[in-house]
Amino acid sequence: SIILLFFIIVLFNSKFSTYYTFYDMISSFLSLMIGLLCYSVNWPGSYQLKPLKFLSLMPIISIILGLIFLPTGLVPLFSRYDGSGLGGISLATNLSFFCVVGIMSSTALFKETKEKKYRILSYVTFFIVLMTLTRGGIIACTILLAPDFYNWLKESSKNQSKFIFSIISFIPIATIIG
């Protein structure tokens, strides 16, 4: 019943927005449902990490699919309406949602496995969400990675040149959010 409610909400929005096409409705609905359904299933013990691995790769998969469909003309790589934010196979806001889910999944995988590649994947995903230019996703991902940013600033404060570089590197993020 909750899936039907989400579908009705997405369908309602597609009928009353001149810029929101049927394709946008379907891609938004599928994007939302994939994330919610994967988090809602009680996976067996041996299988629990596999959905998290998939969810952590969703932003990269979306961009790869966008690049595959780009030559067909079905999907522009950047946002459909203003052409500014990276959208991948879907809307920039959906890619932003993928990034939030991806960072949460990567963080959970890192805590579970202690493999450094999931930390790196979180930072790549953060870079992707910056390219979407969606403030909500950027703010959510910044909050999720705030402990890492704090530790990075703390470590870099020991060396003056690293600290200055760290402060300067946060200016673009603050500009996009602001």
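In short, a report on the structure. Bear in mind the structure is a predicted one, so any value in this text is a computation, not a measurement. (Residues numbered from 1 in each chain as written. Predicted model: local features only at pLDDT ≥ 70, side-chain atom pairs only at ≥ 80, totals over all residues. Heavy atoms only, no water.)

## Remarks on the packing of helix α4 (residues 92–113) against helix α5 (residues 116–132)
Angle between the axes and distance between the axes are the two parameters that describe a pair of packed helices. As a reminder of what qualifies: For helices, the fitted line uses only the C-alpha atoms of the stretch in contact; every axis is such a line through C-alpha atoms, and the angle between N-to-C directions lies from 0 to 180 degrees. Elements are defined by DSSP. Helices are runs of H or I of four residues or more, strands are runs of E of two residues or more, and each kind is numbered from the N terminus. Roughly parallel covers angles under 35 degrees, roughly antiparallel covers those over 145, roughly perpendicular covers 65 to 115, and oblique covers all other angles. Helix crossings fall into two classes, left-handed where the near helix is turned counterclockwise from the far one by less than a right angle and right-handed where it is turned clockwise. Whether two residues are in contact is decided by their heavy atoms, any of which lying within 4.5 Å being enough. Any residue that is not Ala, Val, Leu, Ile, Met, Phe, Trp, Tyr, Cys, Pro, Asp, Glu, Lys or Arg is counted as polar, Gly included; the first ten are nonpolar and the last four charged.
It is the contact of α4 with α5, at a shortest axis distance of 8 Å, that shows an interaxial angle of 165°. What the angle tells us is that α4 and α5 run roughly antiparallel. In the crossing of α4 with α5, the sense of the turn from one axis to the other is left-handed. For the pair α4 and α5, contact is made by A92, L95, S96, C99, I103, S106, T107, L109, F110 and T113 and by K116, Y118, R119, L121, S122, T125, F126, I128, V129 and T132, respectively. The residue makeup of the contact of α4 with α5, split by class, is 11 nonpolar, seven polar and two charged.

## Some remarks on the environment of Y123
Heads up, the rule is: In this scheme, a residue with accessible area under 20% of its type's maximum is buried, one over 50% is exposed, and one in between is partly exposed, where area comes from a 1.4 Å probe on protein chains only. As used in this structure description, the phrase polar contact means that two N or O atoms lie within 3.5 Å; if the pair is within protein, one of them must be able to donate a hydrogen and the other to accept it, and residues adjacent in sequence are counted only when both atoms belong to side chains.
With respect to the element layout, Y123 can be found in helix α5. A relative accessible area of 37% places Y123 in the partly exposed class. Residues within four places of Y123 in sequence aside, it is in contact with L145 and D148. A polar contact is formed between the side chain of Y123 and the side chain of D148, at a distance of 3.2 Å.

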